[in-house]
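# Observations on the three-dimensional arrangement
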Amino acid sequence: MKDQNQQTYWQETGRWVGYEESYDPQTGAWGASHISYLTFKSLVQLRRTMNTAVVLFDCGEQTLANIAEKIVDEFVKKKEIRPGDRDGVLKSLLQNRSQSTDPESQALTEGMEMQKFSVKERRDASDSVEASMVLVGALDFLERPTVAFVRLKEAVVLDSALEAPVPVRFIFVLVGPSKNDMDFHETGRAMAALMADKVFNQAAFQAQEARELTEAVSEFMDCSIVIPPTEIQSEAMLTSIIGFQKQLLRDRLRPSDPMLRLDLKPRRLSKSGPPPEDPLVRTGRPFGGMIRDVKRRYQHYKSDITDALNAQVLAAVIFIYFAALSPAITFGGLLADKVDNMMGVSELLISTCVQGIIFCFIAAQPVLVIGFSGPLLVFEEAFFAFCKSQGIEYIVGRVWVGVWLVIIVVIIVACEGSFLVRFISRFTQEIFSILISLIFIYETFAKLGRIFKAHPLLLNYDHLNSTVDDPWNPVVIMEHVYDNATGNMTMVTATVNRPYPNTALLSMCLMLGCFFIAYFLRQFKNGTFLPGKVRRLIGDFGVPIAIFLMIVVDISIEDAYTQKLVVPKGLMVSNPEKRGWLINPFGEHKPFPVWVMFACCVPAMLVFILIFLESQITTLIVSKPERKMVKGSGFHFDLLVLVGMGGMGAIFGVPWLSAATVRSVTHANALTVMSKGPKPVIEKVMEQRISGILVALLVGLSILMEPILKMIPMAALFGIFLYMGITSLNGIQLWDRILLLLVPKKYHPDEPYATRVSTGRMHLFTAIQIVCLALLWIVKSSPASLALPFVLILTIPLRMVMTGRFFTELEMKCLDADDAKVALEEEPGQDVYYESQMPL
């Protein structure tokens, strides 16, 4: 603007919503988001002008006109402008932005030097998005550059200030003559980049003096990187900057003044409240933690129902139904195989349905999804083998284990024992996770090996099609045995299952096919083909798709036999010849020994340890502060409900359940509402009970799909078992460090456990975990396999002994820190499996 009467307007040339977007005047459109790059000169000029800036803190004006008047009055008062220039500056500040109604079709007029930058920033979890507005322009009737920085007392929507009606908190004005060395565009970009920086924004929000702003600018410059004016031959030459910048950021987040730390919420000017309550703090009263859980959650019971009236909740129900049904069918088939069909698909589906509905109705954290899991499957196998070897009725023994479970959980909850979850570190979780993953993988190939043993590859096979109705019939062999001593003739009848041609090969193809389809569909979800929503939809339903395709393949090959999933018709139990729906605690077919009733307290303790580990750690993950859940959690009450239901359910002969980590995290993610923009953040979570109730009900109704379930080949379920074993390794730091044993140091990742701990010390820590893992495998493979949870618990004091004796506190923080991040929108190569160290 050459004189005070010239007409012009403010043009928005840049905006920040996490990252910078620049306006292209040639195309009239906004460009893609990118990292801001600033000139060193602009930062120096900005810091110099801030020393003489007019600073207004907690300005109470509510309109742009009143704010502009106050700014120019301060300019005149502090002699930054001449009194005669007051009206010209005021007129320029109040000019509307481009008259075009379509912001993306705006074009810069030639010679236009009035530029505007906007920055949108979320203040904290409970407030809406606030904006900062940066105005820079050349006014040639001024004598020198003049700067004003305004912080409003309350963020307000200023008419015609921004494209979107977002409340404005900060306003920065820089005007001056064009004939000086000031680059208004770059200086304005620099100020906008400062306002987009969380640390500077927080410092500006808390500042009480102008000097604090100047110091915050200097701190920003201290953490900035300057690239010398040297020609860059390739992008690869810039890779070393990333690690250097990460170190600067780490140092920046640990300043001497704790009030400027990024991980602390800023001081709020308008309202304050007590810090969030820690649900694991003990009250010192019997059942005090449980009572506190109930009081904290039940006050929201009405909203737990009304908040479910949302389309996103319905979409979550459909998705989580398949996420819960697939493992229920898989584990049900494998459980039946492990325990001689004493429990199977029908018992697991009904247990998941009934217990799931009860849990979601009364639990303090109904977002949790309960179900069967790998550790419980390992225990059931070990307990069945023990009962079989001792001649004890397995299904009756479970009843007494259930009785002791109820007693144990009542004692633990009365003593507020959930606080013990704080002592379960990543060290123990990851050893347990890899053990379960290895068991999954080993059992898959062991099952395939048994199929090859039962149906070996032969040159010639017996003629099998003796009956058209059932070509896969066993052969009855009658053999006459003559006793020379007595002269009697005895006929011995034996039933032989003959090996079938192509059975082993087809089973192997079904197993590997199911695994690879499920695995690569999961990888496809993080790829670049098709829109993101379509990719995620296909990837999330990868397991049902893989099972369905293997059913089609198996049906299409009619001349080869494969073992199918055993599912009873209707509500029948899996083995009606040996048990019913109500188990006699004193013996089904023979009296149950009295001493075993008391001895069952030992396996009950083992089951409790497994459920405690999975459920409490899952609750910790789901209740992270980053998830913005506001209705609280229920470590004590939920443990009582979950274990109590399992204990009482044992008299009906149904499996125990625990909170399933991956399914619960997936459920929470499906209910999470994200903000808009290039880098979405969590706005809230739809915390309600209805989605969990509907999912459990649908899983129970799936028992009516018995004709379809009977078509599933067991080999396909082995493939899903392999899939769960391999995907469970994702995100486990121990597995990453095991692989680093074979990787040269120069290729180690830029992670604290690899960069801040010497390679030898890191490998020593890994070796200790491998020894613990091997010891657990030996225990699992021995007759004392029931003692596996007890041996696992011993890794907790081992980790405590290692700290300070074998490893320093810093090394343990790098090697054993709980640094799992909340994964909502999956990044390339990552998904919810990376968030948890616990097995499926």
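Residues numbered from 1 in each chain as written. Predicted model: local features only at pLDDT ≥ 70, side-chain atom pairs only at ≥ 80, totals over all residues. Heavy atoms only, no water.

### Some words on the overall build of the chain
A tally of helices and strands in the chain yields 30 helices and 14 strands. Within the chain, the fraction of its 840 residues that count as buried is 51%. Accessible area of the chain: about 39000 Å², with a carbon and sulfur share of 62%. (Helix = DSSP H or I, 4+ residues; strand = E, 2+ residues; numbered from the N terminus. Buried < 20%, exposed > 50% of the residue type's maximum accessible area, 1.4 Å probe, protein only. Areas by Shrake-Rupley, 256 points an atom, 1.4 Å probe, with all protein chains shown as cover.)

### Focus: empty space enclosed by the protein
Per the counting criterion, the structure on display carries 6 cavities of 30 Å³ or more. In this structure, the largest cavity spans a volume of roughly 120 Å³. Elements with a minimum of two residues in the lining of the largest cavity: α11 (345-362) and α22 (690-701). Broken down by class, the residue content of the lining of the largest cavity amounts to 11 nonpolar, 4 polar and no charged. (1 Å grid on protein atoms, 1.4 Å probe; cavity = no way out; pocket = protein on both sides within 12 Å on 5 of 7 lines; lining within 4 Å. Points joined across faces, edges and corners; volume = space filled by probe spheres on them. Nonpolar A, V, L, I, M, F, W, Y, C, P; charged D, E, K, R; others polar.)

### With respect to the packing of helix α5 (residues 198-206) against helix α6 (residues 210-222)
The angle between the axes and the distance between the axes are what describe a pair of packed helices. α6 packs onto α5 with a crossing angle of 170° between their chain directions and a minimal axis gap of 9 Å. Considered as vectors, α5 and α6 are oriented roughly antiparallel to each other. Contact residues: α5 offers V199, F200, A203, A204 and Q206, while α6 offers E212, L213, A216, V217 and E219. Taken together, the residues that form the contact of α5 with α6 break down as 7 nonpolar, 1 polar and 2 charged. (Axes fitted to C-alpha atoms, helices over the stretch in contact; angles between N-to-C directions. Parallel < 35°, antiparallel > 145°, perpendicular 65-115°, else oblique. Contact = heavy atoms within 4.5 Å.)

### Regarding the packing of helix α14 (residues 426-454) against helix α24 (residues 714-727)
One way to put it is that α14 packs onto α24 with a least axis distance of 7 Å and a crossing angle of 155°. By the angle between their directions, the pair α14 and α24 is classed as roughly antiparallel. The two elements α14 and α24 meet at a crossing, and its hand is left-handed. Together, S437, F440, I441, E443, T444, F445, K447 and I451 of α14 and F718, F721, L722, M724, G725 and I726 of α24 make up the contact between the two elements. Along the lines of polarity and charge, the residues of the contact of α14 with α24 split into 9 nonpolar, 3 polar and 2 charged. (Left-handed = near helix turned anticlockwise from the far one by under 90°.)

### A look at helix α19 (residues 601-622)
Taking 1.5 Å as the rise per residue, α19 with 22 residues should run 32 Å; its terminal C-alpha atoms sit 31 Å apart, in good agreement. Counting buried positions along α19 gives 18 out of 22 residues, so the element sits mostly inside the fold. (Expected span 1.5 Å × (residues − 1).)

### Some remarks on unusual backbone geometry
A positive phi angle, near 60°, is found at K79, a position not held by glycine. Following the sequence through the fold, K79 ends up in the loop between α2 (64-77) and α3 (86-93). Accessibility expressed as a relative area gives 68% for K79, which makes it exposed. The phi dihedral of D340 is positive, around 60°, even though this residue is not glycine. The class of D340 is partly exposed, set by a relative accessible area of 43%.

### With respect to the environment of F172
Here F172 is to be found in strand β8 (residues 168-176). According to the relative accessible area criterion, F172 is buried, its value standing at 2%. Distance from F172 to K116, taken between C-alpha atoms, is 9.8 Å for residues 56 residues apart in sequence. Non-local contacts of F172, meaning those with residues more than four positions away in its chain, are made with L46, M50, M133, V134, L135, V147, A148, F149 and M191.

### Considerations on the environment of L788
With respect to the helices, strands and loops of the structure, L788 is situated in helix α28 (residues 788-793). A residue is classified by how much of its surface remains accessible, and L788, at 8% relative accessible area, is buried. Between the C-alpha atom of L788 and that of F379, which follows or precedes it by 409 residues, the distance is 8.5 Å. With near-sequence residues (within four places) excluded, L788 lies in contact with V378, L435, L776, V779 and K780.

### Brief notes about the packing of aromatic side chains
Across all of its chains, the model carries 18 aromatic pairs by this definition. Summarising the aromatic geometry, the rings of F379 and W656 are spaced 6.1 Å apart at their centres and angled 55° between planes, so their arrangement reads as tilted. Pair noted here: F379 is in helix α12 (residues 374-390) and W656 is in the loop between α20 (635-649) and β12 (658-659), with a separation of 277 residues, a long-range link. Accessibility classification places F379 together with W656 in one group, the buried group. When the ring centre of W777 is taken as reference, the NZ or CZ atom of K780 above it lies at 5.1 Å. (Phe/Tyr/Trp six-rings, centres within 6.5 Å; stacked < 30°, edge-to-face > 60°. Lys NZ or Arg CZ within 6 Å of the ring centre and 35° of its normal.)

### Digging into the pattern of salt bridges
A full pass over the atoms with the stated rule returns 29 salt bridges. Salt-bridge contacts for R297 lead to D304; the nearest nitrogen and oxygen are separated by 2.9 Å. Considered together, R297 and D304 belong to a single accessibility category, that of buried residues. Counted as one network, the salt bridges with shared partners bring together R297, D304, D307, K631, E687 and R689. (Salt bridge = Lys/Arg side-chain N within 4 Å of Asp/Glu carboxyl O.)

### Brief notes about the side chain of H667
With respect to the secondary-structure elements, H667 resides in helix α21 (residues 661-670). A residue is classified by how much of its surface remains accessible, and H667, at 2% relative accessible area, is buried. In this structure the side chain of H667 is engaged in a polar contact, spanning 2.7 Å, whose partner is the backbone oxygen of V367. Once you skip the residues sitting within four places of it in the chain, H667 turns out to touch I320, P366, V367, V369, S691 and G692. (Polar contact = N/O pair within 3.5 Å; in protein donor to acceptor, adjacent residues only side chain to side chain.)

### With respect to the pairing of β8
Burial analysis of β8 places 9 of its 9 residues in the buried class, the great majority of the element. Bridge count for strand β6 (residues 129-138) against β8 is 8 bridges, and the pairing is parallel. Each bridged residue has a counterpart across the sheet, and for L135 the counterpart in β8 is V173. Pairing of strand β7 (residues 146-156) with β8, which is carried by 7 bridges, proceeds in the antiparallel orientation. (Pairing = 2+ DSSP bridges.)

### Notes on a nonpolar patch on the surface
Side chains of I225, I227, I232, M237, L238 and F244 sit close together on the surface and give an oily, nonpolar patch of about 530 Å² of accessible area. The topology assignment puts F244 in helix α7 (residues 239-252). (Patch = residues over 30% accessible without salt bridge, like charges linked within 9 Å, V, L, I, M, F, W, Y side chains within 5 Å.)

### Focus: the side chain of N341
Among the secondary structure elements, N341 is positioned in the loop between α10 (311-338) and α11. N341 sits in the buried class, given a relative accessible area of 19%.

### Side note on the confidence of the model for the chain
Per-residue confidence for the chain gives a mean pLDDT of 79; residues scoring 70 or more make up 85%. Taken element by element, the predicted model of the chain shows its lowest mean pLDDT in strand β10 (residues 475-482) (67) and its highest in helix α13 (residues 394-414) (91). A low-confidence stretch, residues 98-112 (pLDDT under 50), is modelled with 30 contacts involving residues beyond four sequence positions or located in other chains. (pLDDT = per-residue confidence, 0-100.)

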